[in-house]
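Topology and contacts: notes
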Amino acid sequence: MPRVSALTEFIAPTFDDILIMVDAPGSTPLLRIITLLNFIKTLGWYDANAYSSINAAVTAIGSTEAVLVVHSAQTLTAASLTIPSNISLVILKGGSIVKASTYTLTINGPFEAGLYQVFSGFDAGDVTFGTGSKKEAYPEWWGIDGTADEVEINKALVAVGNYGTVKLIAKSYTTAAEIVLSSTTADVLKTNLISNVGSLITSTSTGNILRIGNDGGTYGVQRSEIGGFSLQSDTAIIGIYVTGGGAGRNKFKDIYVQGKTAPLTNSMGILLWGALLGNFYNTFENVEVAYWDKNISMGYNWNTAATTSTPANATRFHQMKIHDWKTYGFYNKNTVETYLQGNFEHAITGALADIYLAAVGSDGIYNTINDSGIGNAYILEDLCDGNVIQVYHKPADTPIVDNNTVERNTWIFNGGVAKLDDLYVHSFRKASGYALTMQDTLNFADTAAINVGKTIIPPGTTGNQTINKLAGRVNIAIGGTSVVVTNSFVTVNSIVLAVANDNDTTAYVKGVVVAAGSFTIRTPAVTAETAFNFFVIN
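Before going into details, it helps to say that this report is about the structure given with it.

Definitions and cut-offs
- Residues numbered from 1 in each chain as written.
- Predicted model: local features only at pLDDT ≥ 70, side-chain atom pairs only at ≥ 80, totals over all residues.
- Heavy atoms only, no water.
- Helix = DSSP H or I, 4+ residues; strand = E, 2+ residues; numbered from the N terminus.
- Buried < 20%, exposed > 50% of the residue type's maximum accessible area, 1.4 Å probe, protein only.
- Contact = heavy atoms within 4.5 Å.
- Areas by Shrake-Rupley, 256 points an atom, 1.4 Å probe, with all protein chains shown as cover.
- Core = buried A, V, L, I, M, F, W, Y, C linked by side-chain atoms within 4.5 Å.
- Pairing = 2+ DSSP bridges.
- Patch = residues over 30% accessible without salt bridge, like charges linked within 9 Å, V, L, I, M, F, W, Y side chains within 5 Å.
- Salt bridge = Lys/Arg side-chain N within 4 Å of Asp/Glu carboxyl O.
- Arc of directions from axis to C-beta.
- Polar contact = N/O pair within 3.5 Å; in protein donor to acceptor, adjacent residues only side chain to side chain.
- Phe/Tyr/Trp six-rings, centres within 6.5 Å; stacked < 30°, edge-to-face > 60°.
- Lys NZ or Arg CZ within 6 Å of the ring centre and 35° of its normal.

1. Structural notes on the overall build of the protein
Scanning the protein from terminus to terminus reveals 4 helices and 48 strands. Counting every position in the protein, which comprises 538 residues, the buried fraction comes to 51%. By sequence separation, contacts in the protein at least 24 residues apart represent 70% of the contacts at least 6 residues apart. Entry remark: accessible area of the protein is about 22,500 Å², with carbon and sulfur atoms responsible for 53%.

Right under this line is the structure:
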């Protein structure tokens, strides 16, 4: 609730009240009224009704320190109105300021009103809380009515401007289109949309519920705080959409984002889209996402089948709760230094993967700028049965290309037993860092498999080979004692495991000699062509 002064609770006195307050021997009723009005003026209070218009009242007050009280509808006349910093504007219940023509209202002084409509007929941008004014507003001031409430919420966001806060109260809001925090003329700085009481926003939008930034826009939204409420929709294709030129250091906290319980195809609970300058250092904390086709998607808009050209940089996900997704719980197409920590609970039957990292995914879409997902950290806790994690560099068997790498990703399975059905890791290029760390215990289902990119040299092809994958099979010709495999994954510190694949009477691995960029498998002379399998560990 806003701070309410005695004035905002003021009830106009009756005639008898006036007689009691200013009763004096020999006074007439008219004299008593005049006496009361003069007394109020000595306190610096001015009644807007005492003037021909609110414009006239402000002009008459001039530079005097004053409180201007509005307790009936006041229409702007002749010109736009600026309330200077020396005037405190108080609008009582039943009072309002009404737009006329194209006139606007700027409030540069203190402002007070209760949770009722006080601005009538104004479009977004027509009311501005300027320097020295209240930087906290409620959409109720524009007339929330439970229908298309995004209109009033958006007006409030524009009115408070930079370093302002729009507060939602303990009620349900209904929106028919997106709530938007953005600007086409300048960066938005620390404009907040918060609720401390758990407001519910139910949307019938077929687009986004909440959008932060402009698609393709030059200007971004930075350092804003958004949260404390629930977003819910059976029709929206995106819950929270973060986009635009340089949307950075925003904090999303204590939010529940729910889609349709039978998720819409290609719907996304959260989409981070790095248009132009990209997204950077955005933080999501204690956010629950459920019932979307893709609960979280970074760098890929499934609704338009487009990959961003600029990565979401250093996004932080803390204490996340991800559950009931249709295909992917977390899909990462183009990011740098992502940190993901939280719980991945049950997916909807038929889901493809809990976490899918696709520098260049199985769809073959190529992205030449930061298509790697470099230096990401994934800390997953309390995984339930049946989790599937897929990490892709390229589609299967696609050759490695320099500067298109998936590297230095850290996986930590925390908090007990991480239970996975499948873990797929395709084509890591470099040995720097590591891909998977098990802090506790990693269990696989009986029917599960660890799939690692490999190359199998067919029978009949013998001799030295170049295989730039973590695993593979090579063949040694009859009478041979060694084979050299050139492999870009191998360093002098690599561990290479090898084993004979055929039942030759003399063949076995005598040793594996590792060098920078290659290794040699040695064996006693084989009596027939013999295959040897290898696996590289870094």
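Text resumes after the structure shown.
2. Details of the nonpolar core
Leu 68, Phe 111, Phe 119, Phe 129 and Trp 141 are the most contacted members of the largest nonpolar core, which totals 78 residues. Counting residues per element, this core draws most heavily on helix 4 (residues 150-160), which supplies 5 residues. Residues within four places of Leu 68 in sequence aside, it is in contact with Tyr 46, Asp 47, Ala 48, Ile 54, Ala 57, Val 58, Ile 61, Ile 87, Ser 88, Leu 89 and Val 90. Listed in part, the 17 residues of the second largest apolar core include Ile 457, Val 474, Val 485 and Val 490.

3. What about the sheet that holds strand 42 (residues 465-466)?
With mixed pairing, 4 strands are arranged side by side in an open sheet as 42-44-47-46. Two strands in the sheet have a free side with no partner beyond their single neighbour: strand 42 and strand 46 (511-515). Taken together, the 5 bridges between strand 44 (residues 482-486) and strand 47 (residues 518-522) define a ladder with antiparallel strand orientation. Counted as the bridge partner of Thr 486 is Ser 518 from strand 47.

4. Details of the environment of Ile 226
Inspection of the secondary structure puts Ile 226 in strand 19 (residues 225-233). The exposure class assigned to Ile 226 is buried, which follows from its relative accessible area of 3%. Spatially, the C-alpha atoms of Ile 226 and Asn 192 are 5.8 Å apart, while their sequence positions differ by 34 residues. Once residues within four sequence positions are removed from consideration, Ile 226 is found in contact with Leu 193, Leu 210, Ile 212, Lys 251, Phe 252, Lys 253 and Ile 255.

5. Comments concerning a nonpolar patch on the surface
A surface patch of nonpolar side chains, amounting to about 330 Å² of accessible area, comprises Ile 495, Leu 497, Phe 535 and Ile 537. Of all the secondary structure elements, the ones that give two or more residues to the nonpolar patch are strand 45 (495-500) and strand 48 (530-537). Its place among the elements puts Ile 537 in strand 48. Relative accessible area serves as the criterion here: at 34%, Ile 537 is assigned to the partly exposed category.

6. Let's talk about the environment of Lys 333
With respect to the helices and strands, Lys 333 occurs in the loop between strand 31 (328-332) and strand 32 (335-336). Separated by 36 residues in sequence, Lys 333 and Ser 297 have C-alpha atoms that sit 7.8 Å apart.

7. Re helix 3 (residues 54-61)
Among all positions in helix 3, only Ile 54, Asn 55, Ala 57, Val 58 and Ile 61 are buried. Each buried residue of helix 3 lies within a common arc of 160 degrees when the element is viewed along its axis, so the set occupies one face. Exposed side chains of helix 3 directed beyond 90 degrees from the buried face belong to Thr 59 and Ala 60. Between the side-chain oxygen at the start of helix 3 and the backbone nitrogen of Asn 55 there is a gap of 3.4 Å, and the oxygen is on Ser 53. Downstream of helix 3 by a residue or two, Gly 62 has a phi angle that is positive, lying close to 60 degrees.

8. Let's talk about the packing of aromatic side chains
Overall, the coordinates contain 17 aromatic pairs when judged by the stated rule. Taking 5.8 Å as the distance between ring centres and 20 degrees as the angle between the ring planes, the aromatic pair formed by Phe 111 and Phe 119 counts as stacked. Ring centres 6.4 Å apart and planes at 90 degrees place the aromatic pair Phe 119 and Phe 122 in the edge-to-face group. Like Phe 122, Phe 119 is buried. In this arrangement the basic side chain of Lys 171 is found over the ring face of Tyr 173, its NZ or CZ atom lying 5.4 Å from the centre.

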